[in-house]
Structure formats: C-alpha cells, structure tokens
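Observations on the model geometry
The chain contents come next:
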Amino acid sequence: MYNSTIYHKKILFLMLLSSFSCFFSNKIIAQESEEKTFSPHHQIGLSINHVHVFEGRDDEGNREVLSLPAWGLDYTFQFHEKWAIGLHTDFIIEKFKVEKNLASGEDKETIERSYPVAPALMGIYKPSERWSFLLGFGGEFAKEDNFFLTRAGVEYGYELPKGWEIFGTVSYDFKWNAYDSWGIGLGIAKNFGGK
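Okay, so let's go over this structure. What you see is a predicted model, and the numbers here were worked out from it, not measured in a lab.

Attention now moves to the overall build of the protein. Within the protein one finds one helix and ten strands. When the helices and strands of the protein are read in sequence order from the N terminus, they spell out α-β-β-β-β-β-β-β-β-β-β. Long-range contacts, defined here as pairs at least 24 residues apart, represent 52% of the contacts in the protein between residues at least 6 apart. When the accessible surface of the protein is summed, it comes to about 12400 Å², and 64% of that surface belongs to carbon and sulfur atoms.

Take a look at the structure:
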C-alpha cells in the first residue's frame, strides 16, 4: 500500500509537470509566432542629446572641445522587418563658435552657429529587433550659414508595453566644407499603426 501511494503521487506529479510544460511551451510558441508577424508601422521619437564638437573655440579664439545640449525629434517608417526610412532632426539649443577645419584651402576660418537645426533623411537597417544602423544625408541650418551633411548612427531600442520604446543613440555628422560633430542621446518613442 505504501509503495502504491508513492507510485500514484509520482504519476500525479509527472502529470502536473507535463501539463505545466505543455502550457508554457504553447505560450512561448504563441509569442514567437506573434513576434514573427510583421506589419509596417510609423514611429515618433524624442531624445535628449549631447553634441560634441572637437574644433570648438572659446571667446578668445582658443581651441576647446564643446559639449552642446540638443534635442532630437525623429520620424521613422518601418516598411520591412529589416528596413526603414526616416527624417531625424537634431536641434542644438546653444550658440557656439567652431573652426571650419574641413574647408578647402589653408585658411582656417572661425564661424558662429546660432541654434542650428540639422534634419537628415535616413536609411535604416535593423539586423535584429533592438539594433538599428543608420545612414543618411541632410543639412545643418543656422542664421549664419547652411551646410550639407552626411550622418551615420547606431541605435539600441527596448520595447515597452502599448507600443512604447526607450532607445539610446550614437551618431556622427560630417558637415561638408565645415566641421564634424558626434552625438549621444537617450530617448523615448511611440509606434503607430500595425505593430
């Protein structure tokens, strides 16, 4: 009788264990199938950034590395599981002076920039759900002068419930015939339609 009770308890335990494992494996399979279903969607993101300029100048004209506060406002349309396009815009919220180290010729001119706005049309490759690699072209616009730019960047995003996402971003702007800058930021984004 004692052996029979132990045997029944073992059978009951194995049945419960297999029921739980079936339940959780079905739940995991359902989540994986949900993740594999892709539908195009839009995303609006806002980030707080720091833009760094190595060729900055102080009021006396001495060289200094600048760390400038900026905002980023990004619109992205993901039309494929691995590809997206977007308009990503940086707003530097300070005036500063910089040397045009990329200008042709030997004269290195110091220029002022007043609250420049830098939109860029970006092509985005997403090798995984979280990582994005960006490359695009645009301009930096300020009252003093405008410059054509090429931007490259990397983003890492983490999905939150209800279509929200937090992300970190690193980018490098090559401003033709002017100067370079790189930025780092942290932001939040919201997905719309289909995701």
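What follows concerns the side chain of glutamate 140. Relative to the helices and strands, glutamate 140 is located in strand β7 (residues 131-141). Look at glutamate 140 and you get buried, because its relative accessible area is 2%. Here tyrosine 179 takes part through its side chain, which lies 2.8 Å from a polar atom of the side chain of glutamate 140.

What follows deals with the nonpolar core. Looking at soluble globular proteins, one finds that nonpolar side chains tend to be buried together. With twelve residues, the main nonpolar core is built from Val51, Val53, Leu66, Leu68, Ala70, Ile92, Phe96, Val98, Ile111, Phe147, Ala178 and Tyr179. No other element matches the three residues that strand β2 (residues 63-78) contributes to this core. If sequence neighbours within four positions are ignored, alanine 70 has contacts with Ser47, Ile48, Asn49, Val51, Phe91, Ile92 and Ile93. Ala84, Ala118, Leu134 and Leu149 belong to the second-largest nonpolar core, a separate cluster that totals seven residues.

What follows concerns the packing of aromatic side chains. One pass over the structure, following the stated rule, counts eight aromatic pairs. Each ring, one from phenylalanine 147 and one from tyrosine 179, has its centre 6.5 Å from the other, and the planes form 85°; the classification is edge-to-face. In this pair, phenylalanine 147 is assigned in strand β8 (residues 146-159) and tyrosine 179 in the loop between β9 (164-175) and β10 (180-192), connecting sequence segments 32 residues apart. Just as phenylalanine 147 is buried, tyrosine 179 falls in that class too. What links up through ring pairs into an aromatic cluster is the set Phe137, Phe148, Phe174 and Trp176. Against the face of phenylalanine 192 rests lysine 190, its NZ or CZ located 5.9 Å from the ring centre.

Our next topic: the side chain of serine 114. Here serine 114 lies in strand β5 (residues 110-114). Under the relative-accessibility criterion, serine 114 is labelled buried at 8%. Among the polar contacts listed, one links the side chain of serine 114 to the side chain of glutamate 144, at a separation of 2.4 Å.

A cluster of acidic side chains, namely Asp59, Glu60, Glu64, Glu109, Glu112, Glu144 and Asp145, defines a negative patch on the protein surface. Along the chain, the position of glutamate 112 falls in strand β5.

The next point concerns unusual backbone geometry. Here the phi dihedral of lysine 162 falls at roughly 60°; this positive angle occurs in a residue that is not glycine. Even without being a glycine, asparagine 177 presents a positive backbone phi close to 55°. Examined against the element boundaries, asparagine 177 turns out to sit in the loop between β9 and β10. Take asparagine 177: its relative accessible area is 49%, and that puts it in the partly exposed class.

Its location among the elements puts methionine 122 in strand β6 (residues 117-125). Overall, methionine 122 belongs to the buried group, its relative accessible area being 3%. A sequence separation of 36 residues divides methionine 122 from glycine 86, and the C-alpha atoms of the two residues are 5.1 Å apart. Residues contacting methionine 122, with those up to four places away along its chain left out, are Ala84, Ile85, Gly86, His88, Leu134, Leu135, Gly136 and Arg151.

Tallied over the entire structure, the rule returns seven salt bridges. A salt bridge links glutamate 140 to arginine 113; the shortest N-O distance between them is 2.9 Å. Linking glutamate 140 in strand β7 with arginine 113 in strand β5, this pair joins segments that are 27 residues apart in sequence. As far as burial versus exposure is concerned, glutamate 140 and arginine 113 are alike and both buried.

Calculation rules
- Residues numbered from 1 in each chain as written.
- Predicted model: local features only at pLDDT ≥ 70, side-chain atom pairs only at ≥ 80, totals over all residues.
- Heavy atoms only, no water.
- Helix = DSSP H or I, 4+ residues; strand = E, 2+ residues; numbered from the N terminus.
- Contact = heavy atoms within 4.5 Å.
- Areas by Shrake-Rupley, 256 points an atom, 1.4 Å probe, with all protein chains shown as cover.
- Buried < 20%, exposed > 50% of the residue type's maximum accessible area, 1.4 Å probe, protein only.
- Polar contact = N/O pair within 3.5 Å; in protein donor to acceptor, adjacent residues only side chain to side chain.
- Core = buried A, V, L, I, M, F, W, Y, C linked by side-chain atoms within 4.5 Å.
- Phe/Tyr/Trp six-rings, centres within 6.5 Å; stacked < 30°, edge-to-face > 60°.
- Lys NZ or Arg CZ within 6 Å of the ring centre and 35° of its normal.
- Patch = residues over 30% accessible without salt bridge, like charges linked within 9 Å, V, L, I, M, F, W, Y side chains within 5 Å.
- Salt bridge = Lys/Arg side-chain N within 4 Å of Asp/Glu carboxyl O.
- Lys, Arg positive; Asp, Glu negative; His and termini not counted.
- Charge placed at Lys NZ, Arg CZ, Asp CG, Glu CD.

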